[in-house]
Amino acid sequence: MIRKNMKLLVTGGAGFIGSNFIRYVLNKYPQDQVINLDSLTYAGNLENLKDFENHPNYKFVKGDILNSELVAHIAVDCDIIVHFAAESHVDRSVLDPFSFVRTNVLGTHSLLEVARQLGNKRFHHVSTDEVFGSLSLEDENKAFHEETPYDPKSPYSSSKAASDHLVRAYYHTYGLPITISNCSNNYGPFQFPEKVIPLFITNLMEGKKVPLYGDGKNVRDWIHVDDHCEAVDLVIRGGRIGHTYCIGGDSEKSNYELTMAILQGMGFGEEMIEYVKDRPGHDRRYAVRSHKVQAELGWQPKMNFEQGIKQTIDWYANNGGWWQRIKSGDYKDYYEQWYNRK
Ligand code: NAD
Ligand code: DAU
């Protein structure tokens, strides 16, 4: 049954997917109320929801998910906690694993405890396909699904895997009414320009080359953020308690193919590619089978990749101020560390 008139506590709503999700919910369900709890790390940006700042049913609270007193205070009269907050960038997890363990593992655990102490609050955990590890390029027909064993490889994916296990443990041990979604690579408006698509688009807009890792043959399954938001919305309102839903874009591309699509979409040629040192432990291929969410909740990705990448390029072209402010901040320190890593 689809629930309406909900009060949602969304964590990480000032980030890429969380902000798109809040916009999606408030547009679709004008009666819903949303509290956005976000500590505004480097990736959190209130500009992402500037258009909702004065919306009567939207409230922003600056705070850490590990602050259980604060979380309990704001979650007490919410119907559900929708948990997006995380450290989300794989490369940063190579440089600084602890902040990933802190937020993704300890932070998720802290939220689960609060949800339990508030009398078993409904909890949805937004997770990733990276918990399943890596597929090979040779076995094209294989894809991740709800029964795939966990085999994470990076500090990021391991921290997300640990958090998924804790969420399930709270369901089995305490009966906490949870759902989990494991989604593939998102793209679209408001994505922080450290992730490959916005990094490459904005580099080209600045006249810079695009740094392609390794041999460029790694494959990702791209999904437009609006399609992910719709799937999460369906799961929180109609998903089965205790269940996991895998969400994929049905749009596998090698990084080389992706790069060529961006280059061609922006009128550049292959000479703008700079092949650089590979990411350590770089997962070769991700692909996700979304049969369960399709069969049970009627979800299908609506945006095809060609349209989606064009829309995304246009969005970055029309929102230069947004990404230029980010790129001129302490962003540069991170790249210095990343490219000078041992
Ligand atoms: P993001 O990095 O853009 O945003 C994360 C947000 O969480 C930021 O606003 C940040 O300020 C906030 N945050 C971080 N630590 C916090 C803390 N301790 N307390 C409160 N807020 C905190 O991330 P994203 O790409 O929007 O990803 C959101 C979620 O979706 C993550 O859980 C990620 O693992 C998952 N996910 C992402 C993708 C993807 O392709 N980006 C795919 C599948 C799943
Ligand atoms: O699969 C879902 C995951 O997708 C999410 O859980 C993560 O939060 C999200 O960041 C994303 O992880 P990836 O590591 O796949 O995304 P990223 O954009 O960092 O990289 C995509 C691919 O592009 C990957 O194979 C590495 C490559 N890449 C990335 C960067 C930043 C490059 O070749 N050059 C780059 O500069």
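The structure under discussion appears in the preceding block.
Keep in mind it's a predicted model, so treat the numbers as computed, not measured. (Residues numbered from 1 in each chain as written. Chains lettered and ligands numbered in written order. Predicted model: local features only at pLDDT ≥ 70, side-chain atom pairs only at ≥ 80, totals over all residues. Heavy atoms only, no water.)

Participant: I'd like to hear about the site of ligand 2, residue by residue, with values.
Facilitator: Contacts to ligand 2 come from 25 residues, most closely from Thr128, Asp129, Tyr156, Arg279 and His282. Between an oxygen atom of ligand 2 and a main-chain N or O atom of Ser88, the distance comes to 2.7 Å. One nitrogen or oxygen atom from the main chain of Val196 is found 2.8 Å from an oxygen atom belonging to ligand 2. If you list the elements that add at least two residues to the shell around ligand 2, you get helix H3 (90–95), helix H6 (196–205) and strand S8 (210–213). Looking at side-chain class alone, the shell around ligand 2 contains 10 nonpolar, eight polar and seven charged residues. (Near = heavy atom within 4 Å. Polar contact = N/O pair within 3.5 Å; in protein donor to acceptor, adjacent residues only side chain to side chain. Helix = DSSP H or I, 4+ residues; strand = E, 2+ residues; numbered from the N terminus. Nonpolar A, V, L, I, M, F, W, Y, C, P; charged D, E, K, R; others polar.)

Participant: Talk me through the site of ligand 1; I want residue IDs and the actual numbers.
Facilitator: As a structural note, the neighbourhood of ligand 1 is formed by 29 residues, with Ile17, Asp38, Ser88, Tyr156 and Lys160 the closest of them. Contacts to ligand 1 include Ser88, whose side-chain N or O atom sits 2.7 Å from an oxygen atom. Contact with the protein chains hides 96% of the accessible area of ligand 1, taken as 830 Å² for the molecule alone. At the level of elements, helix H1 (16–28), helix H4 (97–117), strand S5 (122–128), helix H5 (155–174) and strand S7 (185–187) are the ones that each hand at least two residues to the shell around ligand 1. Ranked by residue count, the leading element in the shell around ligand 1 is S5, at three residues. Of the residues in the shell around ligand 1, the class split is 12 nonpolar, 13 polar and four charged. (Areas by Shrake-Rupley, 256 points an atom, 1.4 Å probe, with all protein chains shown as cover.)

Participant: Describe the pattern of salt bridges, naming the residues involved and giving the relevant values.
Facilitator: Tallied over the entire structure, the rule returns 21 salt bridges. One salt bridge in this structure joins Lys195 and Glu194, with 3.8 Å as the shortest N-O distance. There is no split in this pair, since Lys195 and Glu194 are both buried. Connected via shared salt-bridge partners are Lys28, Asp32, Asp233 and Arg237. (Salt bridge = Lys/Arg side-chain N within 4 Å of Asp/Glu carboxyl O. Buried < 20%, exposed > 50% of the residue type's maximum accessible area, 1.4 Å probe, protein only.)

Participant: Outline helix H7 (residues 225–238), listing residues and values.
Facilitator: With 14 residues, H7 should reach 20 Å at 1.5 Å per residue; the first-to-last C-alpha distance of 20 Å fits that figure. Taking burial as the measure, the 14 residues of H7 include 12 buried ones, the bulk of the element. (Expected span 1.5 Å × (residues − 1).)

Participant: An account of the packing of H6 against helix H10 (residues 305–318) is needed here, citing residue identities and associated values.
Facilitator: Direction vectors running N to C along H6 and H10 enclose 50°, while the axes themselves pass 10 Å from each other. As far as their axial angle goes, H10 and H6 are oblique. The handedness of the crossing between H6 and H10 is right-handed. Across the interface between the two elements, Ile197, Pro198, Ile201, Thr202 and Met205 from H6 touch Ile309, Thr312, Ile313, Tyr316 and Ala317 from H10. Here the residues of the contact of H6 with H10 are counted per class, giving eight nonpolar, two polar and no charged. (Axes fitted to C-alpha atoms, helices over the stretch in contact; angles between N-to-C directions. Parallel < 35°, antiparallel > 145°, perpendicular 65-115°, else oblique. Left-handed = near helix turned anticlockwise from the far one by under 90°. Contact = heavy atoms within 4.5 Å.)

Participant: Could you give an account of the nonpolar core, naming the residues involved and the relevant values?
Facilitator: It is characteristic of soluble globular proteins that their nonpolar side chains tend to be buried jointly. By size, the foremost hydrophobic cluster in this structure holds 32 residues, and its most contacted members are Ile197, Ile201, Leu204, Ile262 and Trp322. Contributing elements (two or more residues each) for this core: H6, S8, helix H8 (255–265), strand S12 (273–276), H10, helix H11 (320–327) and helix H12 (331–339). Sequence-distant contacts of Ile262, defined by excluding residues within four places in its chain, comprise Ile197, Phe200, Ile201, Leu204, Ile309 and Ile313. Grouped together as the second largest cluster of nonpolar side chains are 22 residues, Leu49, Val126, Cys229 and Val232 included. (Core = buried A, V, L, I, M, F, W, Y, C linked by side-chain atoms within 4.5 Å.)

Participant: How would you sum up the packing of H8 against H10? Please name residues and give values.
Facilitator: At a minimum axis separation of 10 Å, H8 and H10 run at an interaxial angle of 55°. Regarding the angle of H8 to H10, the classification is oblique. Handedness of the H8/H10 crossing: right-handed. Contacts between H8 and H10 involve Leu258, Ala261, Ile262 and Gly265 from the first element and Phe305, Ile309 and Ile313 from the second. A breakdown of the residues in the contact of H8 with H10 according to their chemical character gives six nonpolar, one polar and no charged.

Participant: Requested: an account of the sheet that holds strand S2 (residues 33–38), with residues and values cited.
Facilitator: Spatially, seven strands are ordered S3-S2-S1-S4-S5-S6-S10 in an open sheet, and the strand pairing comes out parallel. Here the strands that pair on one side only, and so sit at the sheet edges, are strand S3 (58–62) and strand S10 (244–247). Direction aside, neighbouring strands of the sheet carry axes that sit 20° apart on average. Two elements, S2 and S3, share five bridges in a ladder whose sense is parallel. Directly across from Asn36, in S3, lies its bridge partner Phe60. (Pairing = 2+ DSSP bridges.)

Participant: So, the packing of aromatic side chains: which residues are in play, and what are the values?
Facilitator: The final tally for this structure, using the stated rule, is 19 aromatic pairs. Judged by centre distance (6.2 Å) and plane angle (45°), the ring pair of Phe144 and Tyr286 falls under tilted. One end of the pair, Phe144, is in the loop between S5 and H5; the other, Tyr286, is in the loop between S12 and helix H9 (291–297), with 142 residues separating them in the sequence. An aromatic cluster of at least three residues, connected via ring pairs, comprises Tyr42, Phe192, Tyr331, Tyr334, Tyr335 and Tyr339. Residue placement shows Arg341 over the ring face of Trp338; its charged tip is 3.8 Å from the ring centre. (Phe/Tyr/Trp six-rings, centres within 6.5 Å; stacked < 30°, edge-to-face > 60°. Lys NZ or Arg CZ within 6 Å of the ring centre and 35° of its normal.)

Purely spatial values, then, with no claim about function.
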